There are 2 protein chains.
Amino acid sequence: MAELTKVVLDAMGGDHSPGEMVLGAVNAVKEKEDLFVYIVGPEDRIKEELAKYEYPKEKIEIVHAPDEITCHDGPVDAIRKKKESSMVIGLNMVKEGKADGIVSAGNSGALLVGGQVLVGKMKGIERAPLAPVLPTMNGVTLLIDCGANVDAKPSNLVQFARMGSIYMEYVVGVKNPRVGIVNIGAEEEKGNALVKETFPLLKECKDINFIGSVEARDFPYGVADVVVTEAFVGNVMLKLTEGLAAGLFGKIKEGMTATPISTVGAALVKPQLKKVLKEYDTTEYGGAPLLGLNGLVVKIHGNATNKEVKNALFQVGTFKEQEINEKIKEHLL
Amino acid sequence: MAELTKVVLDAMGGDHSPGEMVLGAVNAVKEKEDLFVYIVGPEDRIKEELAKYEYPKEKIEIVHAPDEITCHDGPVDAIRKKKESSMVIGLNMVKEGKADGIVSAGNSGALLVGGQVLVGKMKGIERAPLAPVLPTMNGVTLLIDCGANVDAKPSNLVQFARMGSIYMEYVVGVKNPRVGIVNIGAEEEKGNALVKETFPLLKECKDINFIGSVEARDFPYGVADVVVTEAFVGNVMLKLTEGLAAGLFGKIKEGMTATPISTVGAALVKPQLKKVLKEYDTTEYGGAPLLGLNGLVVKIHGNATNKEVKNALFQVGTFKEQEINEKIKEHLL
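A brief report on the enclosed structure follows. From a predicted model like this one, the values you see are computed outputs, not experimental measurements. (Residues numbered from 1 in each chain as written. Chains lettered and ligands numbered in written order. Predicted model: local features only at pLDDT ≥ 70, side-chain atom pairs only at ≥ 80, totals over all residues. Heavy atoms only, no water.)

Let us look at the sheet that holds strand 11 (residues 296-299) of chain A. Pairing between the strands of a sheet comes from backbone hydrogen bonds, and it takes one of two forms, parallel or antiparallel. Residue and element names in this part refer to chain A. Pairing within the open sheet is mixed, and its six strands lie in the order 3-2-1-4-11-10. The open sheet terminates on both sides in strands that have one partner only, identified here as strand 3 (60-64) and strand 10 (288-290). Averaged over neighbouring strand pairs, the angle between their axes works out to 25° when direction is ignored. Against the sheet, helix 1 (residues 19-31) contacts strand 1 (5-10), strand 2 (35-41) and strand 3, and its axis sits at roughly 165° relative to strand 2. (Pairing = 2+ DSSP bridges. Helix = DSSP H or I, 4+ residues; strand = E, 2+ residues; numbered from the N terminus. Axes fitted to C-alpha atoms, helices over the stretch in contact; angles between N-to-C directions. Contact = heavy atoms within 4.5 Å.)

This is the structure:
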């Protein structure tokens, strides 16, 4: 048997916590032999959930955490003061080397702060970017950085490009991933000061497959595998994509169910629509990794179900097996 | 009769030039008595198009321009060197006060450069923002700035907020428009350096209805009437919205027509879908204005049809009647 991957699962902070979290962990350890999960949260509630299922008992351990960080907590304050919360206890376990990574559906801001403050950046890493895998019309694209560290420098973006490239190749499995930079025109001379300074630096990188500018209009078509940008822009792109897709799907549903006739039509198109839109289900890629830390921190959606939880736990496994942090070290230092 | 509004129509540079341009002008002068249109472009081709229609001959005049700026021309070079192009001749007519504004479907970059260099900024205006009216789930939102002048200063954004507010109230007709700033969190302390500096300045403005941060996730829901941002971010938001909407609609069409059964279903839902998606047709608002210049410059879509052309010509009329530039002067100086 391969070496065990140990993952912390923050049982709290999600919309379906702890139920879906626990079920995700149960399914994960049943499916993958070399996985061990610490479920961190209120012991009695987790025990209650676990009691519902059959699973290899030696692969899951409860770590009691009486407190919880909620979406209303300020990130910095929460990490500093809620020392008994499931998130802080979990992050500290990664820091202490008890686990290879942590998966959390909780407060994004707190997880970003906690990842950097508690788990800590790898030596040589300037910033730890949040890099979700987003659906496109042609496969998926890693958008890096969508985190909270705004106003990046060119050297930060070059590190993002390298880390994103390694992640996309070895965790997601895209050979020689195409790396682009978000820009407002295709030409090298276009862009803001940051992009203009970063562009030639990326061109010089022999270890990445830099293909130049990616315009936002083309982003949804999967024109690059890794798309590098400063966190403010990345966050706006991520949130706009989510908001617009949800809004448009809502409108379409509204139209389809507006009359009895359209409802009949909707029933007839539904199977095919489901098929084409299934490509937008990125839960199979797990969650958004926070890269460049001493251990993997994975942010899953607040409304994550057990499937996303399970795949995020597997994601930590792949990250460890593929020795991503070792590869990052080699390329950056 | 009210005073004539004189508008230059750049007949070239669009996908359907000059045919749809000319038809738009014909319909506009037939519908609105107090409108006069200079159609600028190759005289014989425009004459040929005009010959197809009945219209009040005294309301349209052809201004011959032998050259054309294409989408392949570099903006600065095109404006500097193609002096006989329809766009440059048209912009110069606005500069010289022969017309109140210009409507063009041509090269966006060239129009932005030409607007500022040839028509020129109003005294006291730091930057001339491009401010398209975008569809949302609840009405429309003016996104300002989506232009090419990136790396803005806080004082630029404050001017954008004021100009956008005036435009939205008096041209689009939204009373006391809500003004927001694009941010990556709802709280005042969130954001990049630019947003953090701009936020308190906007709060102090007594003449705008500032409602605080707008997250990109909420933008498609029409949570504000005027949304202020730096041009790089605005351009990314505009293009991402267009690209994603087109991509998703394409996917849905693909699913709907995948099988004979789904095609039958599609026929049944189509009338209702058209109804809900009609709200996404923003051509009734004309094109995207470039504000703060000595005359109105309106960018319409490259693939604009006669309806968008007509409404953009009316837009210049409303802009003049409502004395928008006079109102901007009052509020800024």
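A few words now on the relation of the copies chain B and chain A. Superposing chain B onto chain A takes a rotation of 180° plus a shift of 0.0 Å along the axis, which leaves an RMSD of 0.0 Å. The operation mapping one copy onto its partner corresponds to a two-fold rotation axis. Relative to the rotation axis, the C-alpha of Gly-265 of chain B is the closest in chain B, positioned 1.9 Å from it. The fraction of interface residues of chain B whose copies in chain A are also interface residues reaches 100%, indicating that both copies meet through the same surface. (Least-squares fit on C-alpha atoms with pLDDT ≥ 70 in both.)

Contacts between chain B and chain A engage 52 residues on the former and 52 residues on the latter. Both faces considered, chain B and chain A share a buried interface measuring about 4800 Å² in area, 77% of it formed by carbon and sulfur atoms. Looking at the side of chain B facing chain A, the largest losses of area belong to Ile-184, Phe-232 and Lys-251 of chain B, adding up to 15% of the total buried there. Connecting chain B to chain A are four salt bridges. Here chain B and chain A share eight residue pairs in polar contact (both at pLDDT 80 or more) between them. For the side of chain B that touches chain A, the element with the highest residue contribution is helix 8 (residues 231-256) of chain B, accounting for 21 residues. (Buried area = accessible area lost by both parts, 1.4 Å probe. Salt bridge = Lys/Arg side-chain N within 4 Å of Asp/Glu carboxyl O. Polar contact = N/O pair within 3.5 Å; in protein donor to acceptor, adjacent residues only side chain to side chain.)

Residue and element names in this part refer to chain A. Read from one edge to the other, the open sheet built from five strands follows the order 5-6-9-7-8, with strand pairing classed as mixed. In the strand order of this sheet, the two ends are held by strand 5 (133-135) and strand 8 (209-215), each with one partner. Along the sheet, successive strands turn relative to each other by an average axial angle of 35°, direction set aside. Relative to strand 9 (residues 226-228), strand 6 (residues 140-144) is paired through three bridges, and the arrangement is parallel. Bridged to Ile-144 within strand 9 is Val-228. In this fold helix 7 (residues 193-204) packs onto strand 7 (178-183) and strand 8, with an angle of close to 170° to the strand it touches most, strand 7. Taken strand by strand, helix 8 (residues 231-256) contacts strand 5, strand 6 and strand 7, and its axis lies near 140° from that of strand 6.

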